[in-house]
Amino acid sequence: MTLTVLFAAGQELYNDYQAPLSQALQEQALDAELVTDAPPESVDYIIYAPSSALQDFTPYTRCKAVLNLWAGVEKIVGNPTLTQPLCRMVDPSLTQGMVEYVCGHVLRHHLGMDAHIHARPGDWHAVEPPLAQERKVGILGLGALGQAVAQALAGFGFDLHGWARSPRSVPGMRCHHGQDGLDACLSHAEILVTLLPLTAGTENLLDRRALALLPEGAALINPGRGRLVDDTALIAALDSGQIGHATLDVFRTEPLPADHPFWAHPRVTVTPHIAATTRARTAARVIAGNIARGEKGLAFMNVVDRGRGY
Ligand code: NAP
């Protein structure tokens, strides 16, 4: 029987995804019809984005899985009408994008590039730059993205510490968990990267206390979620020099309002939530692959644990 796959992520994204998804479904030899509207009781799979108008999943009685186009699920995970498995996006292009974004910004701070970019004529101070082995980097969150970033940074030889909820083992990195582990990771991190999901356990994790544990002048790179950081505490830490620079990709309100103090702060770099975007061609293959697994009776990939919230 032909499967009905409902693309419920909006018309704009459909324009990007229609052709790659149709091709990927074909490559998986799935007899599937991709639609943007259908009677709910006829839908087998829902392709979803948090901005979707679809918020009540109750009538989708036949739906076997909701396949999110985003890695972050904080806007959907608590929806009480969603009883089907929810799969988040883990996509090789998205992961590579994040690795490139984080490595670029870590190297910027490690090498002190800003001093040279903004040097004045005659400003000739030849200071020997440190090597990666001498630079301590912390990564909060050792999931799909945190581990890929760790692997790339380990390739440079950075002195890496990481932190996750559960004990983890990542080559080239000392891994921590629990409150003591968080403090150890923070007190080590001259450059801190936050790749945590937004949950009740991570909201405002980087508060005044946590920021004070970082070595003085540390750089913060946050491509995780804006609400991981207490904005007021961060601005105070930037003003005092406790934080030397913050590179922020995600914010409590997006787009970041033009009058937000982050825009004008000399120690803040704002990027517009572009660290890692979901690319249609590779994401379509991930989605079709997951549907194929479901049809073969295999467990879905990247299923969100509702209890943990990620
Ligand atoms: P993931 O695979 O689910 O990994 C999450 C990691 O965070 C895991 O290591 C997990 O610990 C850890 N964690 C969760 N709650 C924790 C807690 N309370 N205490 C300590 N550690 C905790 O997620 P991912 O794919 O790497 O993505 C991470 C986040 O990046 C996403 O949720 C999203 O917010 C963000 N993101 C941003 C962009 C962008 O463009 N800016 C793009 C994609 C994703 P365990 O290992 O113990 O489970």
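Residues numbered from 1 in each chain as written. Predicted model: local features only at pLDDT ≥ 70, side-chain atom pairs only at ≥ 80, totals over all residues. Heavy atoms only, no water.

The subject of this paragraph is helix H7 (residues 231-240). Where H7 is concerned, the buried positions are Asp231, Ala233, Leu234, Ile235, Ala237 and Leu238. On its buried face, H7 sits against helix H6 (208-213), strand E10 (218-222), strand E11 (243-248), helix H8 (261-264) and strand E12 (268-270). Positive backbone phi, at 90°, marks glycine 241, one or two positions downstream of H7. (Buried < 20%, exposed > 50% of the residue type's maximum accessible area, 1.4 Å probe, protein only. Helix = DSSP H or I, 4+ residues; strand = E, 2+ residues; numbered from the N terminus. Contact = heavy atoms within 4.5 Å.)

Attention now goes to unusual backbone geometry. Most of the time, phi is negative for any residue but glycine, and the peptide bond is trans. With an omega dihedral of -5°, the bond running from glutamate 254 to proline 255 counts as a cis peptide bond. Looking at where proline 255 falls in the secondary structure, it is placed in the loop between E11 and H8. The backbone of asparagine 302 shows a phi angle near 60°, a positive value even though the residue is not glycine.

With that settled, consider the packing of helix H2 (residues 92-111) against helix H4 (residues 144-156). Put simply, H2 and H4 touch, their axes get as near as 9 Å, and they point 45° apart. With respect to H4, the axis of H2 lies oblique. Crossing of H2 against H4: the hand is right-handed. When H2 is examined against H4, the residues Leu94, Thr95, Met98, Val99, Val102, Cys103, Val106 and Leu107 are found in contact with a partner set consisting of Ala144, Leu145, Ala148, Val149, Ala152, Leu153 and Phe156. The residue inventory of the contact of H2 with H4, partitioned by class, reads 14 nonpolar, one polar and no charged. (Axes fitted to C-alpha atoms, helices over the stretch in contact; angles between N-to-C directions. Parallel < 35°, antiparallel > 145°, perpendicular 65-115°, else oblique. Left-handed = near helix turned anticlockwise from the far one by under 90°. Nonpolar A, V, L, I, M, F, W, Y, C, P; charged D, E, K, R; others polar.)

A word on the sheet that holds strand E1 (residues 3-8). The five strands are arranged E2-E1-E3-E4-E5 in an open sheet whose pairing can be described as parallel. Both outer strands of the open sheet, strand E2 (32-35) and strand E5 (86-87), are each paired with one neighbouring strand and no more. Relative to strand E4 (residues 65-68), strand E3 (residues 45-48) runs parallel, the two being bridged by four bridges. When the sheet's bridge partners are listed, isoleucine 47 is paired in E4 with leucine 67. Running over the sheet, helix H1 (residues 11-27) touches E1, E2 and E3 and is turned about 180° from E2. (Pairing = 2+ DSSP bridges.)

Strand order across the open sheet formed by seven strands is E8-E7-E6-E9-E10-E11-E12, with parallel pairing between neighbours. Either end of the sheet is taken by a strand with one partner, and the two such strands are strand E8 (173-177) and E12. Taking each pair of neighbouring strands and ignoring which way they run, the sheet shows an average axis angle of 15°. Summarising the sheet, strand E9 (residues 191-194) and E10 pair through three bridges and their orientation is parallel. Bridge assignment links leucine 192 to a residue of E10, and that residue is leucine 220.

A few words now on the packing of H1 against helix H9 (residues 280-295). Two elements in contact, H1 and H9, have axes whose closest approach is 8 Å; the angle formed by their N-to-C orientations is 40°. The orientation of H1 with respect to H9, classified from their angle, is oblique. The two elements H1 and H9 meet at a crossing, and its hand is right-handed. Side by side, H1 and H9 meet where Asp16, Tyr17, Pro20, Leu21, Ala24, Leu25 and Glu27 of the first sit next to Ala280, Arg281, Ala283, Ala284, Arg285, Ile287, Ala288 and Ile291 of the second. Per-class residue counts for the contact of H1 with H9 are eleven nonpolar, no polar and four charged.

Take the site of the ligand next. Taken together, 31 residues surround the ligand, and among them Arg88, Leu142, Ser166, Arg168 and Tyr310 come closest. A distance of 2.9 Å separates an oxygen atom of the ligand from a polar atom in the backbone of leucine 145. Within the complex, 93% of the 940 Å² of free accessible area of the ligand lies under protein. Counting only elements with at least two residues in the shell around the ligand, the list comes to H2, H4 and strand E7 (159-164). The dominant element in the shell around the ligand, judged by the number of residues it contributes, is H4, at three residues. Considering only residue class, the shell around the ligand consists of 16 nonpolar, nine polar and six charged. Composition of the shell around the ligand by domain shows at least three residues from each of domain 1 (3-91 + 278-295) and domain 2 (93-270). (Near = heavy atom within 4 Å. Polar contact = N/O pair within 3.5 Å; in protein donor to acceptor, adjacent residues only side chain to side chain. Areas by Shrake-Rupley, 256 points an atom, 1.4 Å probe, with all protein chains shown as cover. Domains from an automatic or database assignment.)

For the structure on display, the rule yields ten salt bridges. A salt bridge links arginine 135 to glutamate 190; the shortest N-O distance between them is 3.8 Å. One end of the pair, arginine 135, is in the loop between helix H3 (113-117) and strand E6 (136-140); the other, glutamate 190, is in the loop between helix H5 (178-188) and E9, and 55 residues separate them in sequence. The class for arginine 135 is buried, based on a relative accessible area of 16%. Between arginine 252 and aspartate 231 there is a salt bridge, with its nearest N and O atoms 3.7 Å apart. Separated by 21 residues along the polypeptide, arginine 252 in the loop between E11 and H8 and aspartate 231 in helix H7 bring together distant segments of the chain. You can call arginine 252 partly exposed: its relative accessible area is 31%. A residue is classified by how much of its surface remains accessible, and aspartate 231, at 16% relative accessible area, is buried. (Salt bridge = Lys/Arg side-chain N within 4 Å of Asp/Glu carboxyl O.)

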